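Residue-level structure breakdown
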Amino acid sequence: MPEFKLPDPGEGLVEATIIQWKVAEGDTVKTNDIVVEVETAKSLVELPIPWAGTVTKILAAEGDEVEVGTPIVVVDDGTGEGPAAGGGAGTHVEDVTDEAAAASDDLVPSPPEGGGSSTGSTREAMLVGYGAIEGSTTRRKRRRGASGAEAEAASALQRKAKASPPVRKYAKDRGVDINEVDAAGPTGIVRRSDIDAFLEGGAAPTTPPGAADGSSTTPPGAADGSSSTRPGAADGSLATEATGRAGEAAGVAGRAAYQRPVFDRSGEREERTDVKGVRKMTAQAMVGSAFTAPHVTEFVTVDVTRTMELIDRLKADRSFRDLRINPLLVLAKAMTVAVRRNPGMNAVWDEDAQQIVQRNYVNLGIAAATPRGLVVPNIKDADLMDLRQLAEAMTDLVATAKAGRTQPADMSGGTITITNVGVFGIDTGTPIINPGESAIVCFGAVRRMPWVVGEGEQERIEPRWVTQLAVSFDHRLIDGELGSMFLADLAALLEDPARALAWA
């Protein structure tokens, strides 16, 4: 019966986590029916089955991390034939005990004869829109165990625990034989909580620091009996001072020693979470960017009272009533205008070709915090959109990102990005540039603050709407003059949005 293997979700990903099965054993499926939902490093993806039949066995449990090419479900298509491509019955990674067997098993589909794999180029996992990250596609090494008769004898003497590779490593790092751990859940799969419970049941009592060797602390100077004599002690005041010190020491000795209070803390003192998915790829991309592109960050404080007045008028406009109108929308439009006036901000450094690539389009990235971590989808050709089209695109982008449904194509190809820390009440920051781009703008909170207005005799202090903007840029191709001019244009547009008409 055919085995459905985890396909490549695209963009060079090498593994995914099973989130939810849409079918159960015994269910009948049709061609292209959605059978499983998986989480990649970029988004949630629903996988269709390529043939019709009956689900006979589910090979991967929800929560398991599975490599591309690993069988995850068996479907009886009525032909009675074995798995295609010589896959045999399929082998789980954790069951491989011999390197020869691992190499011969069809865990990952082989490339076609004479195919592109002979060129030496490889696909590397990457954060969508960030470009390739060196070394990020390395697969986990398979464990070498007993072979032949020894492996069979060992498997006969003890049961084989069901657990995902990360959980097995978690147990190994703590010196626990996972086959001795009982699974608490009804699925029989060993989880981290089961290993923690196993450790708690056999943990040895701890000894308070210093109790084992009977060590104690001694006040400074008590070990050698040294003392100091103040000026004037040579006359008759020496005996009086000595008596006073003796009385003070007796008082200290008479007080009870400090006892640290004992608290009853419920739950674990620490929790560990596997670094995977979006968090893993974001970390790799940010480290690569921070230590590749020389960052420069500039700041400016802006009176955005006229922008806030414009927002109030747009909210009252009938053609904008069904859309989210906020300062971020005006900043996004201002970004497209400022990039047109300063096109070098929209370029990128090509290290391999030793070239600067000027992009004549704006794919505007909007950094979004989601339950799965930070994602940066982008609006394609944002520079060609009017304000309403841009508002519609941003509304859809934010809703899709928060639902965890952003597709890989929507997170690739960004040219410049906005990160809005103002929604958290933060004034500014020093953002890290997304790999594959050369600049990122940080938008702070909009606050009512005292501001000097007018000139000469008309100068006065008034409460105004004020915010801070920051821009980080790649100093390899963006000089301080260009970065400063771009930031000044952004500030001018937010200070008076009508300038966009004059600069269009």
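Keep in mind that this is a model prediction, so the values were computed, not measured.

**Remarks on the overall build of the protein**
Of the regular secondary structure elements, the protein holds 11 helices and 19 strands. Taken over 504 residues, the protein has a buried fraction of 38%. Residue pairs in contact within the protein that sit at least 24 positions apart in sequence constitute 63% of those at least 6 positions apart. For the protein, the accessible surface area stands at approximately 29000 Å², while carbon and sulfur atoms represent 53% of it.

**Comments concerning helix α4 (residues 192–201)**
One full turn of an α-helix is made of 3.6 residues, so residues set three or four places apart face in the same direction. Taken residue by residue, α4 has Arg192, Asp194 and Ile195 as its buried positions. Each buried residue of α4 lies within a common arc of 160 degrees when the element is viewed along its axis, so the set occupies one face. The exposed set on the far side of α4, more than 90 degrees from its buried face, consists of Glu200 and Gly201. Those residues of α4 hidden inside the fold are in contact with α3 (165–173).

**Focus on the packing of aromatic side chains**
Under the counting rule described, the total for this entry stands at one aromatic pair. An angle of 90 degrees between the planes, with centres 6.4 Å apart, marks the rings of Phe4 and Trp51 as edge-to-face. Of this pair, Phe4 sits in strand β1 (residues 3–5) while Trp51 is found in the loop between β5 (44–48) and β6 (53–58), placing the two residues 47 residues apart along the sequence. Residue Phe4 is classed as buried on the basis of its relative accessible area of 8%. Seen from the ring of Trp465, Arg448 lies directly overhead, with NZ or CZ sitting 5.2 Å from the centre.

**Some remarks on the pattern of salt bridges**
This structure, assessed with the given rule, holds 13 salt bridges. One salt bridge in this structure joins Lys169 and Asp173, with 2.9 Å as the shortest N-O distance. Taken together, the residues span about one helical turn, with Lys169 and Asp173 both in helix α3 at a distance of four residues. A relative accessible area of 49% places Asp173 in the partly exposed class. A salt bridge links Asp322 to Arg388; the shortest N-O distance between them is 3.4 Å. Taken together, the residues Asp322 in the loop between α7 (305–316) and α8 (327–341) and Arg388 in helix α9 (residues 387–402) connect sequence positions 66 residues apart. Residues joined by salt bridges that share partners form a network here, namely Asp303, Arg460, Glu462 and Arg464.

**Observations regarding the environment of Ala401**
Relative to the helices and strands, Ala401 is located in helix α9. Residue classification places Ala401 among the buried positions, given a relative accessible area of 3%.

**Here we look at the nonpolar core**
Soluble globular proteins: nonpolar side chains tend toward being buried together. Counting 48 residues, the largest nonpolar core has Leu331, Met335, Leu364, Phe486 and Leu490 as the members making the most contacts within it. Non-local contacts of Leu490, meaning those with residues more than four positions away in its chain, are made with Leu331, Ala334, Met335, Ala338, Val441 and Leu469. Of all hydrophobic cores here, the second largest spans 20 residues; its members include Leu6, Val36, Val45 and Val55.

**Here we look at unusual backbone geometry**
We note that Asn32 has phi near 75 degrees; this positive angle belongs to a residue other than glycine. Position of Asn32 among the secondary structure elements: in the loop between β3 (28–29) and β4 (34–39). Positive phi, normally seen in glycine, also occurs at Asp381, with a value near 55 degrees. Examined against the element boundaries, Asp381 turns out to sit in the loop between β15 (378–379) and α9. A relative accessible area of 35% means that Asp381 is categorised as partly exposed.

**Observations concerning the sheet that holds strand β8 (residues 71–76)**
Strands sit in the order β1-β8-β6-β3 across an open sheet of four strands; the sheet is antiparallel. The open sheet has two edge strands, β1 and β3, and neither has a second partner. Relative to β6, β3 runs antiparallel, the two being bridged by two bridges. Bridge pairing in β6 places Thr28 opposite Thr54.

**Let's talk about α7**
Helix length check: α7, at 12 residues, gives a terminal C-alpha distance of 17 Å against a target of 16 Å (1.5 Å per residue), a fit within 8%. Buried within α7 we find Thr305, Thr307, Met308, Leu310, Ile311 and Leu314. For α7, the elements touching its buried residues are β9 (295–303), α8, α9, β19 (460–474) and α10 (480–495).

**Quick word on the side chain of Glu37**
Tracing the chain through its elements places Glu37 in strand β4. Given the relative accessible area of 5%, Glu37 is considered buried. Within the structure, Glu37 has its side chain in polar contact with the side chain of Arg405 (distance 2.7 Å). Setting aside chain neighbours within four positions, we find Glu37 in contact with Thr17, Ile18, Ile19, Gln20, Lys22, Leu44, Val45, Glu46 and Arg405.

**Some words on the environment of Glu392**
Here Glu392 is to be found in helix α9. Through-space distance from the C-alpha of Glu392 to that of Leu323 is 6.7 Å; in sequence the pair is 69 residues apart.

**A few points about the packing of α8 against α10**
One can describe the packing of α8 onto α10 by two numbers: an axis separation of 9 Å at closest approach and a directional angle of 135 degrees. As far as their axial angle goes, α10 and α8 are oblique. Regarding α8 and α10, the two cross each other, and that crossing is right-handed. In this structure, α8 uses Val330, Leu331, Ala334, Met335, Val337, Ala338, Val339 and Arg341 to contact α10, whose residues at the interface are Phe486, Asp489, Leu490, Leu493 and Leu494. Each residue belonging to the contact of α8 with α10 can be placed in one class, and the counts come to 11 nonpolar, no polar and two charged.

Rules used throughout
Position numbers for residues count from 1 along each chain, tracking the sequence in the order it is written. Where totals are concerned, whole chains, interfaces and linings use all residues; where local detail is concerned, this predicted model gives features only for residues with pLDDT of at least 70, and gives and counts side-chain atom pairs only at 80 or more. Values shown for side chains rest on all heavy atoms present in the structure; no hydrogens or waters enter the calculation. Counting from the N terminus, the helices are the DSSP runs of H or I reaching at least four residues and the strands are the DSSP runs of E reaching at least two. In this scheme, a residue with accessible area under 20% of its type's maximum is buried, one over 50% is exposed, and one in between is partly exposed, where area comes from a 1.4 Å probe on protein chains only. The contact criterion used throughout is that any non-hydrogen atoms of two residues lie within 4.5 Å. With residues, only the protein chains shown are counted as cover, and all accessible areas are computed by Shrake-Rupley using a 1.4 Å probe. Arc definition: directions from the helix axis to the C-beta atoms. Only centres within 6.5 Å qualify two rings of Phe, Tyr or Trp (six-membered ring in Trp) as a pair; their planes then separate them into stacked at under 30 degrees, edge-to-face at over 60, and tilted for everything else. Here, over-ring charges are defined by two tests on the NZ atom of lysine or the CZ atom of arginine: distance to the ring centre within 6 Å, and angle to the ring normal within 35 degrees. Salt bridges are defined as contacts in which a side-chain nitrogen from Lys or Arg sits within 4 Å of a carboxyl oxygen from Asp or Glu. Throughout this description, the term nonpolar core refers to a set of buried Ala, Val, Leu, Ile, Met, Phe, Trp, Tyr and Cys residues connected via side-chain atoms within 4.5 Å. Any two strands with at least two DSSP bridges between them are considered paired. Expected span of a helix: the number of residues minus one, times 1.5 Å. Whenever two N or O atoms come within 3.5 Å, that pair is a polar contact, provided that in protein one can donate a hydrogen and the other can accept it, and provided that, for residues adjacent in sequence, both atoms are side-chain atoms. To define axes, lines are fitted to C-alpha atoms, for helices over the stretch in contact only, and angles between the resulting N-to-C directions are given on a 0 to 180 degree scale. Orientation is classified from the angle alone, with under 35 degrees giving roughly parallel, over 145 giving roughly antiparallel, 65 to 115 giving roughly perpendicular, and any other angle giving oblique. Two helices cross in a left-handed way if the nearer one is turned anticlockwise from the farther one by less than a right angle. They cross in a right-handed way if the turn is clockwise. Residue type decides the class: Asp, Glu, Lys and Arg count as charged, Ala, Val, Leu, Ile, Met, Phe, Trp, Tyr, Cys and Pro as nonpolar, and the leftover types, Gly among them, as polar.

Purely spatial values, then, with no claim about function.
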